[in-house]
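Each chain is listed here by its residues.
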Amino acid sequence: MAPDMEKIIQSISLGDQDTVQLLLDSYNTQYAECFFFNTEQQRLKEFRKNKIRDCASNSDSDIDSDEEMPNFLLREDLAAALLCFVGGQLQPAVLRACLHTLRILSRDRRALGPMVTDSALLTLTHLGGINLLQPSQDQDKTKIQDQCDRTQTQIHGKEASGSNGAADSDQRCAVSFSECHSFNRRGNVGHFVLAPGKKDTREDDSEEEGKVDDGEVCKKEAMKVLCNIIYNSPQARERASALRLLQGLWESLKQGIWSGPPPTGQFYKLRLLFLLTALRPELRLQLQQERGVLVLTSALEQCLVLRWADENQLITYSTSPPVSKEVSQDVIEILKTIFNVAHRFYRQEPDEEEATLYRRLAAVLRHCLLLSCDGADTMEELQGHTVNILSALPLTCLDVLLAVPVGQASHKYEGVNMDCVHALLLFMDRRLNRGQKLKEKLTPVLSLLTESSRFHRETRHYLRQKILPPLKDVAVRPEQDSTLRGQLVRLMTHVDTDVKDCAAELLFVLCKENVSRFVKYTGYGNAAGLLAARGLLNGRRNSGDGQFASRYSSDSDSDTEEYRQIRSKINLVTGRVEAEQPDPMEGMTEEEKEEEACRLICMINRLSQDQIIQPMGVTRDGRLAPLWGHMRSCTEEKEEEEEENEEEEQGLSSIPQGLKDKTMK
């Protein structure tokens, strides 16, 4: 049986803490796993959105039901009452139950009205252990007290009236929060929504929380409520920015970071910092100006207990145990926030101080990439965020990924430690095999490997050995191969242009941007997209690519003996040896061949006139252009040459014979 929210509100108004705790514990148990209060309406909306009707229907399913409205208003009343209640002196267990209920209510975006006010945000911030230095704190306390008095007045109004009066009181409560309600309805379109059933991995920690101080548990619950509100409400994010929530949160985190020992219990503060910087662009800029990358890099060093051998080299231990799940999650939140601040660094030329900082960060990220974590999924997520930041850092600062002694390296090539590059290669392979959300999950590592290969010769040689080894078997098409090369070639015809371009660019760079070598490994059909975009369909390198030509050595491609024997039989379009096909014109006379060619031309011409196809040709600069326009331009050039020749001949004919003889000598 669902708990009675009106009874909970009545107990709150009476100040009966024991009864409130008992009722809230029942409510929290009932809705602990609830992320959508109106599940049936959610399903109905999805049904209406997806179904196709031939004619209008007057079915009852087309009429919005008002059954959810009273519960929705009661949830708002309950949230308002709890926000006033937690501002007083409560027993730790009661406060914890109240904050847990607020966390459940904050999942419903429609009922956030009472929670997005300045007084509510300040109350939750204070309960979360964040001190905000506001100029008008006395006014805020007055606002909180006024809201409490207003809410209690509404609650007593419900007690005095019967069932009919309860509905009227609900309307009065809705009016007092009408501005918030109207904002929530406007903000529903195109906004983030928590996925049904999505659960925070740290929420199921009741046994662990039992061993922690009640004050710390309440702080954690308050931070959870704040995270939900900031995530679900644009208005709350706007007010949090105006209330300088980021400054207070940042000072609280810095105190924990600079305190000495590795910070603990900071996960939800880090989560809130990530949400604020992800959803408010001006806060990203503000954190950057506060030297956020430097402080967060220090936080990574403390979480992972890192020690430095020299300026850009860490001391590593091969026997180190896997990083715990709790530390890994803290590191992930820090990495996500660093990316929010650093994602624009790629296009900037760093000064000397910034370059030193980014190299130090790259060294820490290299360590993160090679970490062993407690849980494969956790390690995959941590590596994914590490790759995101590496792909955003200036390329000139990534040399520290290779500048590591070769002594204990598991993977070496040409006297260089390739452990980091090998880890990136394995990470790319796992993402390729999963085949999900390729644009978000795969393109960062593809881009990182491409640019690293372009700037570091050793990286390119190592990746080419792993991805494009010398060809031996060309009996299957490149895209049908099960190796890394085959997987990347398949992506070259992917429907997503970003994925397609990133995969093609990596293979093209591994081929040293040589067209013939690129076609050799991928087939002309797969390579045509990149070649057309770059103006290389004629097989020549244009002037725009000259800036990268100097980066590549002049060594030739080494072919295996098996490849040399069958090279002449390879179909360059498909990239494999095709079975011999009979000549379709065998036995035909020359007249029949000519007639067949004319018929084919007529069919192509008809398809072109009906705009079913558009014949294309390759221009002098290696790009595609309509064939008829290309032929017309060639015809015009020939006509101009003929006219010039005629003018020259006419000019010579007008010269006297004696002078003409002298001119010709």
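### Some details on the environment of L484
Within the secondary structure layout, L484 lies in helix α24 (residues 484-491). For L484, a relative accessible area of 15% puts it in the buried group. A C-alpha to C-alpha distance of 9.9 Å links L484 and N433, two positions 51 residues apart in sequence. Apart from the residues lying within four places of it in its own chain, the contact partners of L484 are L425, M428, D429, L432 and I467.

### As for the packing of helix α20 (residues 419-434) against helix α22 (residues 443-455)
The N-to-C vectors of α20 and α22 enclose an angle of 145 degrees; their axes lie 10 Å apart at closest approach. As for how α20 packs across α22, the hand of that crossing is left-handed. Contacts between α20 and α22 involve L424, F427 and M428 from the former and V445, L446, L448 and L449 from the latter.

### Some words on the pattern of salt bridges
Across all of its chains, the model carries 27 salt bridges by this definition. Among the salt bridges present, the one from E595 reaches R599, with a minimum N-O distance of 3.5 Å. Highlighted residues: E595 and R599, both in helix α30 (residues 590-609), separated by four residues, approximately one helical turn. R599 sits in the partly exposed class, given a relative accessible area of 40%.

### Quick word on the side chain of Q286
Positionally, Q286 belongs in helix α15 (residues 281-289). Polar contacts involving the side chain of Q286 include one to the side chain of Q247, which spans 3.3 Å. In this structure, Q286 is in contact with L246 and Q247, ignoring residues within four places of it in sequence.

### Section: the packing of aromatic side chains
Working definition: an aromatic ring pair is given by the centre-to-centre distance plus the angle between the planes. In this structure the tally under the stated criterion is four aromatic pairs. Residues Y27 and Y31 carry aromatic rings whose centres are separated by 4.7 Å and whose planes lie at 45 degrees to one another, so their mutual orientation is tilted. With Y27 and Y31 both in helix α2 (residues 17-31) and four residues apart, this pair spans about one turn of that helix. Relative to F518, the ring of F508 has its centre 5.1 Å away and its plane inclined at 70 degrees; by these criteria the two rings are edge-to-face. Here F518 lies in helix α26 (residues 515-522) and F508 lies in helix α25 (residues 497-510), a separation of ten residues in the sequence. Like F508, the residue F518 is buried in the burial classification.

### Quick look at helix α5 (residues 92-105)
Here α5 spans 20 Å end to end across 14 residues, near enough to the 20 Å set by a 1.5 Å rise per residue. Summarising burial for α5: ten of the 14 residues are buried, a large majority. Listed in full, the buried residues belonging to α5 are V94, L95, A97, C98, L99, T101, L102, R103, I104 and L105.

### So, the confidence of the model for the protein chain
Averaged over every residue, the pLDDT of the protein chain is 78; the share at 70 or more is 73%. Confidence drops under a pLDDT of 50 for residues 52-66, and excluding neighbours within four residues, the segment shows ten contacts in the predicted structure. Taken together, the stretch residues 140-145 has pLDDT below 50 and engages in five contacts with residues farther than four places along the chain or on a different chain.

How each quantity is defined
Chains are numbered independently. Their residues run from 1 in the order of the written sequence. With pLDDT at 70 or above as the cut-off, local features in this predicted model cover only qualifying residues; side-chain atom pairs require 80 or more to be listed or tallied, and sums for whole chains, interfaces and linings still use all residues. As a rule here, side-chain values come from all non-hydrogen atoms in the structure, and water together with hydrogens is ignored. Note on conventions: DSSP H or I runs of at least 4 residues are helices, E runs of at least 2 residues are strands, and numbering of each starts at the N terminus. Categorising residues by exposure relies on relative accessible area from a 1.4 Å probe, with only protein chains included: less than 20% of the type maximum marks a residue as buried, more than 50% marks it as exposed, and the intermediate range marks it as partly exposed. Only heavy atoms enter the contact rule, under which two residues are in contact if any of them lie within 4.5 Å. Each axis is a line fitted through C-alpha atoms, taken for helices only over the stretch in contact, and angles between the N-to-C directions span 0 to 180 degrees. We call a crossing left-handed when the near helix sits turned anticlockwise from the far one by less than a right angle, and right-handed when that turn is clockwise. Here, a salt bridge means any Lys or Arg side-chain nitrogen found within 4 Å of an Asp or Glu carboxyl oxygen. Any pair of N or O atoms that falls within 3.5 Å is considered a polar contact. Within protein, one atom must be able to donate a hydrogen and the other to accept it, and sequence-neighbouring residues count only if both atoms are side-chain atoms. Stacked, edge-to-face and tilted labels apply to pairs of Phe, Tyr and Trp rings (six-membered ring for Trp) whose centres lie within 6.5 Å, assigned for plane angles under 30 degrees, over 60, and everything in between, in that order. One fewer than the residue count of a helix, multiplied by 1.5 Å, yields its expected span. A residue's pLDDT is the confidence the predictor assigns to it, expressed on a 0 to 100 scale.

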